[in-house]
Amino acid sequence: MRFTLEIWRQKNAQDEGRFEVYEVDGISPNTSFLEMLDILNERLIKEGKEPVAFDHDCREGICGSCGLFINGRAHGPLPNITTCRLYMRHFKDGERIVIEPFRAKPFPVIKDLVVDRSALDRIIQKGGYISVNTGSAPDANSIPIPKAVADRAFDYATCIGCGACVAACKNASAMLFVAAKVSHLAMLPQGQPERRQRVKRMVAQMDSEGFGHCSNTGACAVECPAKIPLSAIAQLQRDYIWANLTPDLYAR
Amino acid sequence: MRTTVEPVSWLHTSVGRKIIMAATGVFLMTFLVVHLAGNLLLLRADGGAAFNAYAEFMSTNPFIRVLEVFLFAGFVIHIYQGIYFISREKKSRPKGYALNNAGANSSIFSRTMRLSAIVVLVFLIVHLRHFFVEHRLLGSPYTMYDLCKAAFENPWYSLFYVVSMVLLGFHLAHGFYSSFQTLGLILNRRIEAVIKWAGAAFALGVPLGFAIIPLYFLVKTF
């Protein structure tokens with residue numbers, strides 16, 4: 001298969017950046033999108049040119065590194081996948097493919113298609129944890145949790161922090177990401193001690209990082225590779241209202 | 001920004017502002033229902049007697065007058081938060097995408113809230129000038145029914161009215177569902193399905209109910 005690639009090239013954070021056009025030919029339909037970029041990069045290296053910088057790690061859809069904005073969508077034309085699980089057979093032969101980095105103020109471009117997503121880590125540091133006593137490991141299932149609740153908590157826990165929700169959102173909001181963590185821990189008994197604080201602190205940090213507001217368009221959930229449902233956002237809203245409107249019985 | 005900037009209050013965060021938006025939105029939607037119910041009296045073939053009595057009641061009843069203050073406050077707050085969100089739009093994504101296929105992952109209604117809001121706001125201003133200011137503040141010698149009749153028999157005004165109602169439908173098509181989601185009331189899939197269905201019915205039914213009235217007056221002139 002043959003493709004015309006329009007790729008965002010940017011030397012560093014200070015550089016203005018521009019699109020450059022590359023032709024690739026002889027690509028097997030079963031080449032993954034990232035492998036196609038590898039093939040292009042090998043050629044660029046042989047030609048003595050700078051290869052295209054892009055994030056990638058596990059290449060099996062679990063790490064969330066490979067954040068690319070392809071043909072106007074986060075992680076390309078298919079819903080709920082990572083870029084590494086996108087194959088060239090999902091494109092038409094001869095198609096023009098526009099590849100851009102994730103765009104958001106809290107995601108500054110480091111180089112080409114690589115962006116700094118540590119803003120998400122700083123939000124997690126503010127409340128995405130639980131307190132446990134050190135010592136011997138507790139027995140498994142010593143705290144009974146109904147299966148349905150455990151399943152729901154796990155659904156929210158599967159967020160891989162790829163940032164596709166931010167990239168796809170028209171307001172560059174990180175609500176789905178924040179809501180996944182808030183909801184995951186809100187479901188479980190281990191998450192209760194910090195529950196009230198968590199939602200307040202994570203929302204404050206989300207705003208401080210410069211992420212936009214959520215307007216419930218639902219674009220995030222369509223692009224999310226972990227299929228985090230919008231019910232996470234409803235849960236965050238409930239926790240936020242509850243934490244701010246009801247008195248904290250345990251406050252001194 | 002790396003450090004947390006503590007919000008002035010919980011209602012000043014993006015989530016808090018969204019809750020204000022949703023709460024005032026729900027309040028304004030209840031107003032729409034009351035307003036529509038009154039307007040439908042215009043369709044009674046009694047020369048406007050019922051409608052004029054209703055207009056008289058609405059402008060003199062002390063309970064309604066108090067509610068009116070809340071209604072104005074609801075509008076002002078809803079519009080203020082909207083303007084705040086519009087002013088923030090560019091800040092969270094200073095450099096946009098060269099190619100953005102947003103149609104693949106979200107509805108047109110959710111992406112055009114700004115446009116529909118602006119059209120409905122312009123409509124609101126013209127509408128208030130035409131009826132509220134004329135009748136209540138300037139003490140027009142004409143009855144409410146006569147004012148409506150004169151306005152709706154003007155095809156340009158009726159066209160403007162109908163177009164505005166279409167955009168109001170757009171606004172409600174996303175706003176109805178969105179406000180329930182923001183208030184955390186969508187607890188499970190079944191409630192979600194009910195809210196989405198009710199939202200579609202509301203967004204279609206209410207603007208249609210309003211739009212029938214100018215069309216009725218317009219058709220009668222022929």
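Cut-off values and rules
Residues numbered from 1 in each chain as written. Chains lettered and ligands numbered in written order. Predicted model: local features only at pLDDT ≥ 70, side-chain atom pairs only at ≥ 80, totals over all residues. Heavy atoms only, no water. Helix = DSSP H or I, 4+ residues; strand = E, 2+ residues; numbered from the N terminus. Buried < 20%, exposed > 50% of the residue type's maximum accessible area, 1.4 Å probe, protein only. Contact = heavy atoms within 4.5 Å. Areas by Shrake-Rupley, 256 points an atom, 1.4 Å probe, with all protein chains shown as cover. Lys, Arg positive; Asp, Glu negative; His and termini not counted. Charge placed at Lys NZ, Arg CZ, Asp CG, Glu CD. Axes fitted to C-alpha atoms, helices over the stretch in contact; angles between N-to-C directions. Parallel < 35°, antiparallel > 145°, perpendicular 65-115°, else oblique. Left-handed = near helix turned anticlockwise from the far one by under 90°. Expected span 1.5 Å × (residues − 1). Core = buried A, V, L, I, M, F, W, Y, C linked by side-chain atoms within 4.5 Å. Domains from an automatic or database assignment. Salt bridge = Lys/Arg side-chain N within 4 Å of Asp/Glu carboxyl O. Buried area = accessible area lost by both parts, 1.4 Å probe. Phe/Tyr/Trp six-rings, centres within 6.5 Å; stacked < 30°, edge-to-face > 60°. Lys NZ or Arg CZ within 6 Å of the ring centre and 35° of its normal.

1. Describing the overall build of chain B
Thinking step 1. Across its full length, chain B carries 8 helices and 0 strands.
Thinking step 2. Dimensions of chain B along its principal axes, counting C-alpha atoms only, are 65 × 40 × 35 Å.
Thinking step 3. Expressed as a percentage of its 222 residues, the buried residues of chain B come to 40%.
Thinking step 4. In chain B, the proportion of contacts linking residues at least 24 apart, taken out of those at least 6 apart, comes to 74%.
Thinking step 5. Looking at chain B as shown, the accessible area adds up to about 12,200 Å², and 73% of this sits on carbon and sulfur atoms.
Thinking step 6. Across chain B, 19 positive and 9 negative side-chain charges occur, with their mean positions spaced 16 Å apart.

2. Regarding the packing of helix 5 (residues 113–137) of chain B against helix 7 (residues 155–182) of chain B
All names here are of chain B.
Thinking step 1. With their axes 9 Å apart at the nearest point, helix 5 and helix 7 run at an angle of 135 degrees to one another. When the axes of helix 5 and helix 7 are compared, the pair comes out oblique. Note on packing geometry: the crossing formed by helix 5 with helix 7 is left-handed. When helix 5 is examined against helix 7, the residues M113, L115, S116, A117, V119, V120, V122, F123, V126, H127, H130 and F131 are found in contact with a partner set consisting of Y157, F160, Y161, S164, M165, L167, L168, F170, H171, H174 and G175.

3. What to know about helix 1 (residues 33–46) of chain A
Residues and elements named next belong to chain A.
Thinking step 1. Counted at 1.5 Å a residue, the expected span for helix 1 with its 14 residues is 20 Å, and the 20 Å between its end C-alpha atoms agrees.
Thinking step 2. On its buried face, helix 1 is in contact with strand 1 (3–9), strand 2 (18–24), strand 3 (69–70) and strand 5 (96–100).
Thinking step 3. Of the residues flanking the end of helix 1, it is G48, one or two places downstream, whose phi is positive at about 75 degrees.

4. Describing the nonpolar core
Thinking step 1. Ranked by internal contacts, the top residues of the largest apolar core, which has 82 residues, are V178(A), M206(A), F211(A), L236(A) and F152(B).
Thinking step 2. No fewer than three residues from each of domain 1 (3–111) and domain 2 (118–245) of chain A sit in this core.
Thinking step 3. Counting residues in hydrophobic clusters, the runner-up holds 26 residues, among them F3(A), I27(A), I70(A) and L86(A).

5. Structural notes on the pattern of salt bridges
Proximity of charged atoms lets side chains of opposite charge pair with each other.
Thinking step 1. Overall, the coordinates contain 23 salt bridges over all chains when judged by the stated rule.
Thinking step 2. Across the salt bridge formed by R114(B) and E89(B), the nearest N and O atoms sit 2.9 Å from each other. Here the residue R114(B) occupies a position in helix 5, and E89(B) occupies one in helix 3 (residues 62–92), the gap between them amounting to 25 residues.
Thinking step 3. The network of salt bridges with common partners includes D15(A), R18(A) and E20(A).

6. Details of the domain arrangement of chain A
All names here are of chain A.
Thinking step 1. Segmenting chain A into domains produces domain 1 (3–111) and domain 2 (118–245).
Thinking step 2. Domain 1 puts 17 residues into the contact, and the matching count from domain 2 is 19 residues.
Thinking step 3. Each partner contributes to the roughly 1,400 Å² buried at the junction of domain 1 and domain 2, and carbon and sulfur atoms together form 61% of this total.
Thinking step 4. Three residues stand out in domain 1 for area buried against domain 2, namely N80, P106 and F107, and they jointly supply 40% of the buried area on that side.

7. Some points on the packing of aromatic side chains
Thinking step 1. Inspection of the entire model under this criterion finds 24 aromatic pairs over all chains.
Thinking step 2. Ring geometry for F3(A) against F91(A): centres 6.3 Å apart, planes inclined by 80 degrees, an arrangement best described as edge-to-face. With F3(A) in strand 1 and F91(A) in the loop between strand 4 (73–74) and strand 5, this residue pair connects regions lying 88 residues apart in the sequence. Both residues of the pair, F3(A) and F91(A), count as buried.
Thinking step 3. Ring plane angle 85 degrees and centroid distance 6.4 Å describe the contact between F131(B) and Y157(B), whose orientation is recorded as edge-to-face. One end of the pair, F131(B), is in helix 5; the other, Y157(B), is in helix 7, and 26 residues separate them in sequence. Each member of the pair F131(B) and Y157(B) is classed as buried.
Thinking step 4. By the ring-pair criterion, three or more aromatic residues cluster together here, those being F123(B), F131(B), Y145(B), F152(B), Y157(B), F160(B), Y161(B), Y216(B) and F217(B).
Thinking step 5. Against the face of Y84(B) rests R17(B), its NZ or CZ located 3.6 Å from the ring centre.

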